[in-house]
Amino acid sequence: MLTKEKIEQYIAILGEELVPAMGCTEPISIAYAAAKARAVIEETPIRGRLEVSGNIVKNAKSVVVPHTGGLRGIKSAFAAGLAVGDAEARLEVLSNVTEAEKQGIATVRDSFPLEIITPEDARIFDIGVTLISANHTVFVRIADTHTNVVCIRKDGEILFEKPLADMGKKTDRSVLNVEDILAFANAVNVEDVKEVLERQIQYNMAIAEEGLKNDYGANIGKVLLRAYQPDIKITAKAYAAAASDARMNGCELPVIINSGSGNQGITASVPVIVYAKGLHMSKEKLYRALCVSNLITIHLKSGIGTLSAYCGVVSAGAGAACGVAYLLGGGMDEIEHTLVNALAIDSGIICDGAKASCAAKIATAVESGLLGLNMYYNGNEFYAGDGIVKSGVEKTINSVSRLAHKGMRETDKEIIRIMLDGE
């Protein structure tokens, strides 16, 4: 049941999750850790060590790091954070890099002695940076989420430490459920969510426009608009894909993330914004629809975890379709069936790291979500017992969480082995 306390919790969750980030969040987290360590050591380091989990390797090895002049990968992210990163800016750690500073990042990457290792006992999301200077040794560790610093040591002395279970998020995600998310979207005073959602609209549509204007990656957004007769569904897919085209390939515009991911933030928002514009919906209706799409995405991802073998944009595509259903006047029945249908269609798309093809996966996830919506409006649905579909939306969500979090663990390990086994 939706209570005043739960409304406040849902507002807090949106504020905690929908934050700006520049570039793919895993390499940016590496840059943040390096910048944090450099700020603590307070003198020029002469060598370093970077400890990263396999999932960090998977998501950082192939993408362009923004404000580096087109450099890619783990060493580039570390070098950028070490050389010019602003630790106070967190996921916008590279947002204030000057043209002159860019030139020095490649030099640091190529000359700074850096040992990169993947510890056997690393958590799924785990980054440890050690910097050594003439007089000091500093260690900074980030675990479980992108800015969750859990340990800072200097010369063996603990300056900061907190339990690994502490994710640095104040609001318990277990309060989320689809029925209350819909009730929240209907009841919330839009002034309480307007600022965070308007920022999401402005940032994520700006990078979508940039992706359609210029040449980024595989240009999935442009391909969609050129290859198919444009309609609102194609346009929604194209804009979402184009934002990822740009983001995965070095665009220096920030995005508003969802569940720690820029691609998920894009996917949960851009299709809903395109539909609202195309259907001439009011801004208030759009804000409420974005509450639905964002919170359902967060709800789905909460049981899966930050990183896994399960492609996160599947959850965001399903969330976006629920947001579109809301725009079209849908209530609990429409949203529940849209979500179950969408999850039944494309759960199982693998995450093989952040790279250009993420844009195509976004297009596929949005397509599946909208297909799930159109199935409902045409009197069709998937039923309990159809594969992982269970009786009721929350039980189906639990099935997906179980599949992604437990069932795909070995898949995740094999994906990482394949990716590291040469090209």
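Placed above this text is the structure.
Residues numbered from 1 in each chain as written. Predicted model: local features only at pLDDT ≥ 70, side-chain atom pairs only at ≥ 80, totals over all residues. Heavy atoms only, no water.

Student: Talk me through helix 1 (residues 4-17); I want residue IDs and the actual numbers.
Tutor: With 14 residues, helix 1 should reach 20 Å at 1.5 Å per residue; the first-to-last C-alpha distance of 20 Å fits that figure. For helix 1, the full list of buried residues reads K6, Y10, I13, L14 and E17. Looking straight down helix 1, one finds its buried side chains confined to an arc of 95 degrees; they lie on one side. For helix 1, the exposed residues set more than 90 degrees away from the buried face come down to K4 and E5. Looking at the buried positions of helix 1, the neighbouring elements they touch are helix 6 (178-187), helix 7 (194-213) and helix 11 (283-304). (Helix = DSSP H or I, 4+ residues; strand = E, 2+ residues; numbered from the N terminus. Expected span 1.5 Å × (residues − 1). Buried < 20%, exposed > 50% of the residue type's maximum accessible area, 1.4 Å probe, protein only. Arc of directions from axis to C-beta. Contact = heavy atoms within 4.5 Å.)

Student: So what about empty space enclosed by the protein? Which residues, and what values?
Tutor: Under the definition given, this model contains two cavities of 30 Å³ or more. Lining the largest cavity are 25 residues, and of these N59, S261, Q264, G312 and C351 sit closest to its centre. The space that makes up the second largest cavity amounts to roughly 30 Å³. Among the elements that make up the lining of the second largest cavity, the one with the highest residue count is helix 4 (residues 73-84) (three residues). (1 Å grid on protein atoms, 1.4 Å probe; cavity = no way out; pocket = protein on both sides within 12 Å on 5 of 7 lines; lining within 4 Å. Points joined across faces, edges and corners; volume = space filled by probe spheres on them.)

Student: Break down a positive patch on the surface for me, citing the residues and quoting the values.
Tutor: Taken together, the side chains of K390, K395, R402, K406, R409 and K413 define a basic patch exposed on the protein surface. Secondary-structure elements contributing two or more residues to the positive patch are helix 15 (393-407) and helix 16 (409-420). If you tally residues by element for the positive patch, the top one is helix 15, at three residues. Positionally, R409 belongs in helix 16. The exposure class assigned to R409 is partly exposed, which follows from its relative accessible area of 47%. (Patch = residues over 30% accessible without salt bridge, like charges linked within 9 Å, V, L, I, M, F, W, Y side chains within 5 Å. Areas by Shrake-Rupley, 256 points an atom, 1.4 Å probe, with all protein chains shown as cover. Salt bridge = Lys/Arg side-chain N within 4 Å of Asp/Glu carboxyl O. Lys, Arg positive; Asp, Glu negative; His and termini not counted. Charge placed at Lys NZ, Arg CZ, Asp CG, Glu CD.)

Student: Which residues make up unusual backbone geometry, and what values do they have?
Tutor: We note that H67 has phi near 60 degrees; this positive angle belongs to a residue other than glycine. Relative to the helices and strands, H67 is located in the loop between helix 3 (54-60) and helix 4. Residue classification places H67 among the buried positions, given a relative accessible area of 10%.

Student: Before we move on, can you summarise a nonpolar patch on the surface with the specific residues and values?
Tutor: Judged by side-chain polarity, L279, M281, L328 and Y377 come together as a nonpolar surface patch covering roughly 320 Å² of accessible area. Counting through the fold element by element, M281 comes out in the loop between helix 10 (262-278) and helix 11.

Student: Outline the pairing of strand 7 (residues 157-161), listing residues and values.
Tutor: Sheet topology note: the strand 6 (residues 149-154)/strand 7 ladder contains four bridges and is antiparallel. Counted as the bridge partner of I152 is F160 from strand 7. What sits between strand 6 and strand 7 in their antiparallel hairpin is a turn of two residues, with D155 showing a positive phi close to 55 degrees. (Pairing = 2+ DSSP bridges.)

Student: With reference to specific residues and values, describe the state of the cysteines.
Tutor: Scanning all chains against the criterion turns up zero disulfides. C251 forms no disulfide, and the closest cysteine sulfur to it belongs to C24, at a distance of 13 Å. Left without a disulfide partner, C291 is nearest to the cysteine sulfur of C322, which lies 14 Å away. A residue is classified by how much of its surface remains accessible, and C291, at 0% relative accessible area, is buried. (Disulfide = S-S within 2.5 Å.)

Student: Lay out the nonpolar core with the relevant residues and their values.
Tutor: Membership of the largest hydrophobic core comes to 123 residues, with the highest contact counts inside it found for I30, F78, I127 and L339. With eleven residues, the top contributor of residues to this core is helix 11. Sequence-distant contacts of I30, defined by excluding residues within four places in its chain, comprise L50, V52, I56, A60, I74, A77, F78 and I127. The next biggest cluster of nonpolar side chains, apart from the first, holds seven residues, and it includes I220, L224, I234 and A241. (Core = buried A, V, L, I, M, F, W, Y, C linked by side-chain atoms within 4.5 Å.)

Coordinates in, geometry out; function isn't part of it.
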